Amino acid sequence: MNRIFTRPASHLRHIRRTLAQHSATATAPNPADELQPLSILWRYQILDPNSDIVNLWNHIFLITCIISLFIDPLYFYLPYVGSEACMSTDNDASLTITYFRTLCDLFYLLHILMKFRTAFVAPSSRVFGRGELVMDAREIAMRYLKTDFIVDLTATLPLPQIVIWLVIPATKTKGTGHANNTLALIVLIQYVPRLFVIFPLNQRIIKTTGFIAKTAWAGAAYNLLLFMLASHVLGAVWYLASIGRQHSCWKEGCRNEFHSVPPCYLEFLDCNSLGSLEREYWLNSTLVLSRCDANNDDSDFKFGMFADAFTSEVASSRFIEKYIYCLWWGLRNLSSYGQNLTTSTYIGETTFCISLCIGGLILFARLIGNMQTYLESMTVRVEEWRIKRRDTEEWMRHRQLPPELQERVRRFNQYEWLATRGVNEESILRSLPLDLRREIQRHLCLNLVRRVPFFSQMDDQLLDAICERLVSSLSTDGSYIVREGDPVNEMLFIIRGQLESSTTNGGRTGFFNSITLRPGDFCGEELLTWALVPNSTLNLPSSTRTVRTLTEVEAFTLRAEDLKFFAFQFKRLHSKKLQHAFRYYSHQWRTWGACFIQAAWRRYKKKKLAKELALRESFHLLSISGQESYYSDEGDSDDGVDEISSLDSPNKAQHLGATILASKFAANTRRGVIQKVQVADSASSSLKMPKLFKPDEPDFSEEV
C-alpha cells in the first residue's frame, strides 16, 4: 500500500482553516480557485521512500536514465562525409534526437521535484530498526540542497541541445566546415553527473526491494544492456574521432595548397559549397583527395584504427547503417580489449586505445561477471542436487550397500527432487514471522487437510493449529512407514498415493488382515488414543499394523508431541462426536468391527445348522420306533382274534408302556444330540479364526 505521510495535527488544522477561508471568500466558481486547494494539499504531502509509488517511480526513472544515456551518443553520428571531399550534418536526425532527449530531460526535472517531497531517515535514529523518517518539508529541502541537488541539476541541463544548436553554429566561421565537431565531445562531460545519478539510484532500488531484477534472466539482460551501452558509446566516439581525423587531413592539405594555383579555401570542405566553379576548378588540380584517401597505402597521412570508417564507407552511409556498424565495432573491441586494433603514432589514437583496453577489462569483469552470476543462479539448485547425488553414490559404493538398497536411495532422491526442486521449505517457513507462517501454512494445507474426512469434523481454530504443525512427508513405493510392534511416533494423513496396512494380531498363527489406504485415509491412530488419555505414560504406543507404500506417497505427518499439545490445549478433541468420527474412519476399528460381525455370524449359522440336524435326527428315531410297534401289533393279530379280544386290557397296557419307553428313548436321543452340538460348538470355537481384540478405549471421564 502506498504510504503518504502528512504533518502533525496542528498543520492539518491549518490546512482545514485555509480551505475554509477559500470556500468562504469565493463568490463565483473559478477553475483556478478550485485547483488552489489541491496545491495547498500538495505542499503538505510527504512521500515515504519505501512506499510503492516511490519504488515504482525509481524503476521508471532508472529506465529513463538508461534511455537518455543511449540517446546522447547519437549526436556523434550527425556529421557525415558527402561526395567530393566535403562534410555535412544530418539535420533530420538532429531534430528527432533532440525531441527524445528533451523528453528525457523532463523526467530528470520530475525526479528533482520528487526528491523535494520524499522523506529521509534521520541518521541519529539508525541505531535500531529501519530508523525514524523526517517528515518536515523544510528539513527535507535543506538536506537535498546540500547533498544531491547540484548533481541532479547538472544531469538535467540540456547540454547536447545547447552545444549542437547554439555553440557549434556560433563558433563555426565561414569556410571552417565541421572543424568544430569535436566540441560535441562535451556531451560526454554530462555522462559523469548522469552516472552519479544512475548508480546511486540502482543501489537505492536494491536497498528497498532487495534486487534490481526479479528473475535471473532479467538480471542477466540488465547487465548485458549496460555492456552494450558502453559499446554504443565507444562506437559513437570512434566514429566522431574518425570524422575529426578525416577533417584534420583535409584541413592540413588545404592549408598547404592555400598559396598554390588554384588556391584551397576551408569553405571548400563544406558541402554547402558544392556547385561552386572555384571549388570545381580546385578539385581538378588538388592533391588533397589522394593524400587523405584511407585506401591509398602510399599516403604519408596514417589513419590508423580510424581507416575502417572510410575503407568500409561507413562515414558516407545512412544513419542506421553506420550506427549498427559502429555498435558492432564497439562490441568487438570492448570484448577483446582492443587487441585487433592497428594504431599509428598519433597520441590521441594511442590514448584512445589505452582507455579502451582498461575500460573493456573493467566492464567485462564487472558486467559480464554479474551476468554470469545471474545465469549461474538459475542452475544453482541443479548443481547442488548433482553434487549431493554424486556424494551419495560415492558413499554407497564406499559402504558397499546392496544393489536393491542403492536403487531405493536413487529413487527417493529423484522423487524428492521432482517434488521440491531442491528447496528446503521448512527452513524458509522458519525464517518468517509466526503470523505470516500460520497464514502460509493455512493456504498450503487447509484444502488438503479437509480432504481427510476425520478433519472435516473439526472447527477452524483446531484446523489452523493442525495446519501450523503439519510436516510434509515423501515416500517412494516399497517403503515401510511403520512395522507391527514398533513404537508409533507420528500420525500419517495421506494426500496422494496408496499404502497397504496389514496385521497378524500380534503374530498369531493363521491370522492375517490387509487393507489398502487411499487419499483421505490415515494411519497411526494408536497415537491419537495415547494422546487423549489424560495421564498417559511417556512411552509411545506400539503399532498394531504394518504400513507399507504401494506407490509414491505424499502425505502430512503429525508428531507425537504435537498431538499431545492438541489434547491439552483444545478440549474439542475430547468431544464424543469427534471420538465417534475417529472410530468411524479408523481402519483399526473398522477391522475389529468387521471381524466381530463375521465371528457372530458364523456362530449363528453353526447353531442354526446344529438345531436343524438335531430335529431331523429326533424325527427319524421317532419314525423308526413307531414302525417297530406297528409290526409287533400285526404279528399278534395273526395268532388269533380270540386271544386279542380276551386279552384286550393287558395289550393296551403293554402298548402304553411301549409308547412311554419310546418317548424316553427319544428324549435321551435329543439330549445326546444337544450335547453333541455343544461339543461341536466348543470344538469349532477352539478351531475358528483367532478373535481380533477390540482396541483399547481410553477413559475420558477423568479430568485433565
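Since we're looking at a predicted model, the values are computed, not measured.

### Considering the sheet that holds strand 9 (residues 490-496)
Ordered in space as 7-14-9-12, the four strands form an open sheet in which the pairing is antiparallel. Edge positions in the open sheet fall to strand 7 (471-475) and strand 12 (522-523), since each of these has one partner strand only. Relative to strand 14 (residues 553-559), strand 7 runs antiparallel, the two sharing five bridges. The residue of strand 14 that forms the bridge with Val471 is Thr557.

### Points about the side chain of His232
Positionally, His232 belongs in helix 9 (residues 216-256). Residue classification places His232 among the buried residues on the basis of a relative accessible area of 1%. When sequence neighbours within four positions are dropped, the list of residues in contact with His232 reads Leu69, Phe70, Pro73, Leu74, Tyr77, Tyr323 and Leu327.

### Some remarks on the sheet that holds strand 8 (residues 480-482)
Pairing is antiparallel in the open sheet, where four strands are placed in the order 8-13-10-11. Each edge of the sheet is formed by a strand with only one pairing partner; in this case those strands are strand 8 and strand 11 (513-517). Averaged over all pairs of adjacent strands, the angle between their axes in this sheet comes to 25°, without regard to strand direction. For strand 8 and strand 13 (residues 546-549), the ladder comprises two bridges, and the chain directions are antiparallel. Residue pairing across strands places Val482 opposite Val547, the latter belonging to strand 13.

### Examining helix 15 (residues 380-399)
In a regular helix each residue adds 1.5 Å, so 20 residues correspond to 28 Å; helix 15 covers 28 Å between its end C-alpha atoms and thus fits that length. Regarding helix 15, the residues found buried are Trp385, Thr392, Glu393 and Met396. Each buried residue of helix 15 lies within a common arc of 100° when the element is viewed along its axis, so the set occupies one face. Turned more than 90 degrees away from the buried face of helix 15 sit Arg397 and His398, all of them exposed. Turning to helix 15, the residues buried within the fold contact helix 16 (403-420). Taken from the residues just after helix 15, Gln400 is the one with a positive phi, measuring 55°.

### What to know about the confidence of the model for the protein chain
Scored by pLDDT, the protein chain comes out at a mean of 76, with 74% of its residues at no less than 70. Within the protein chain, no element has a lower average pLDDT than strand 1 (residues 4-5), which sits at 40, and none a higher one than helix 4 (residues 91-116), at 92. Across residues 22-43, confidence stays below pLDDT 50; counting only partners more than four residues off in sequence or on other chains, it has nine contacts. Note that residues 636-654 has pLDDT below 50 and, in this model, three contacts with residues that lie over four places away or in other chains.

### Comments concerning the side chain of Gln441
With respect to the secondary-structure elements, Gln441 resides in helix 18 (residues 434-449). In terms of polar contacts, Gln441 uses its side chain to reach the backbone carbonyl oxygen of Cys467, at 3.2 Å. Those residues in contact with Gln441 that lie beyond four places of it in its chain are Leu429, Leu446, Cys467, Glu468 and Leu470.

### Some details on unusual backbone geometry
A positive phi angle, near 55°, is found at Glu313, a position not held by glycine. In this structure, Glu313 sits in the loop between helix 12 (308-311) and helix 13 (319-335). Unusually for a residue other than glycine, Gln400 sits at a positive phi of about 55°. Looking at where Gln400 falls in the secondary structure, it is placed in the loop between helix 15 and helix 16.

### Points about the UniProt feature "transmembrane region" (unreviewed entry) in the protein chain
Per the UniProt record, "transmembrane region" (unreviewed entry) is annotated on residues 56-78, 98-116, 149-170, 182-201 and 222-241. Taken end to end, residues 56-78 is 70% helix and 0% strand, and its first and last C-alpha atoms sit 35 Å apart. Split by type, residues 149-170 is 91% helix and 0% strand. Its first and last C-alpha atoms lie 31 Å apart.

### Remarks on the environment of Ile515
Along the chain, the position of Ile515 falls in strand 11. Sequence-wise, Ile515 and Leu499 are 16 residues apart; in three dimensions their C-alpha atoms are separated by 8.5 Å.

### A look at a nonpolar patch on the surface
Together, Leu56, Ile60, Phe107, Leu110 and Leu113 make up an exposed nonpolar region whose accessible area comes to about 430 Å². The element contributing the most residues to the nonpolar patch is helix 4, with three residues. By the element assignment, Leu113 lies in helix 4. In this structure Leu113 comes out as partly exposed when scored by relative accessible area, which is 46%.

### Section: the nonpolar core
Core analysis: the biggest nonpolar cluster contains 81 residues, and Leu62, Trp238, Tyr239, Trp250 and Phe352 have the highest contact counts within it. Broken down by element, the residue count for this core peaks at 17 residues, all from helix 9. The contacts of Leu62, once residues within four sequence positions are left out, are Ile198, Leu201, Ile205, Ile212 and Tyr222. One finds Leu446, Cys467, Phe493 and Leu558 within the second-largest nonpolar core, a separate group that totals 28 residues.

### Quick notes on the state of the cysteines
Using the criterion set out here, one finds three disulfides in the structure. The residue that forms a disulfide with Cys86 is Cys271, at a sulfur-sulfur distance of 2.1 Å. Taking the sign of the torsion about the S-S bond as the criterion, the disulfide between Cys86 and Cys271, at about 85°, is right-handed. In this pair, Cys86 is assigned in the loop between strand 3 (79-81) and strand 4 (87-89) and Cys271 in the loop between helix 9 and helix 10 (277-285), connecting sequence segments 185 residues apart. With a relative accessible area of 0%, Cys86 lands in the buried category. Residue Cys271 is classed as buried on the basis of its relative accessible area of 16%. Each sulfur of the disulfide joining Cys249 and Cys292 lies 2.0 Å from the other. In this structure, the disulfide formed by Cys249 and Cys292 twists by about -95° around the S-S bond and is classed as left-handed.

Rules used in this analysis
- The residue numbering used here restarts from 1 in each chain and proceeds along that chain's sequence as written.
- For this predicted model, a pLDDT threshold of at least 70 governs which residues receive local features, and a threshold of 80 or more governs which side-chain atom pairs are given and counted, while totals over whole chains, interfaces and linings are taken from all residues.
- For the side-chain quantities, the full set of heavy atoms in the structure was used; hydrogens and water were omitted.
- A pair of strands is treated as paired once DSSP finds two or more bridges between them.
- Helix and strand definitions follow DSSP, with helices as H or I runs of at least four residues and strands as E runs of at least two, each counted in order from the N terminus.
- Type-normalised accessible area, obtained with a 1.4 Å probe on protein chains alone, sets the label of each residue: buried when under 20%, exposed when over 50%, and partly exposed for intermediate values.
- Whether two residues are in contact is decided by their heavy atoms: any pair within 4.5 Å suffices.
- Under this scheme, a helix contributes an axis fitted over its contacting stretch, all axes are lines through C-alpha atoms, and angles between N-to-C directions fall in the 0 to 180 degree range.
- By this rule the span expected of a helix is its residue count minus one, scaled by 1.5 Å.
- This arc describes the spread of directions from the helix axis toward the C-beta atoms.
- Confidence of the predictor at the level of single residues is given by pLDDT, which spans 0 to 100.
- Here a polar contact means two N or O atoms within 3.5 Å. Within protein one must be a hydrogen donor candidate and the other an acceptor candidate, and residues neighboring in sequence count only if both atoms are side-chain atoms.
- UniProt positions are given in the numbering used here, feature names are shortened, and annotations may be inferred rather than shown by experiment.
- Patches in this entry comprise residues that are over 30% relatively accessible and not in a salt bridge; like charges within 9 Å are linked, as are nonpolar side chains (Val, Leu, Ile, Met, Phe, Trp, Tyr) within 5 Å.
- The method behind every accessible area is Shrake-Rupley, applied with a 1.4 Å probe, and residues are considered shielded solely by the protein chains displayed.
- Salt bridges are defined as contacts in which a side-chain nitrogen from Lys or Arg sits within 4 Å of a carboxyl oxygen from Asp or Glu.
- Among buried residues, those of type Ala, Val, Leu, Ile, Met, Phe, Trp, Tyr and Cys that are joined through side-chain atoms within 4.5 Å constitute a nonpolar core.
- Disulfide: a pair of cysteine sulfur atoms within 2.5 Å of each other.

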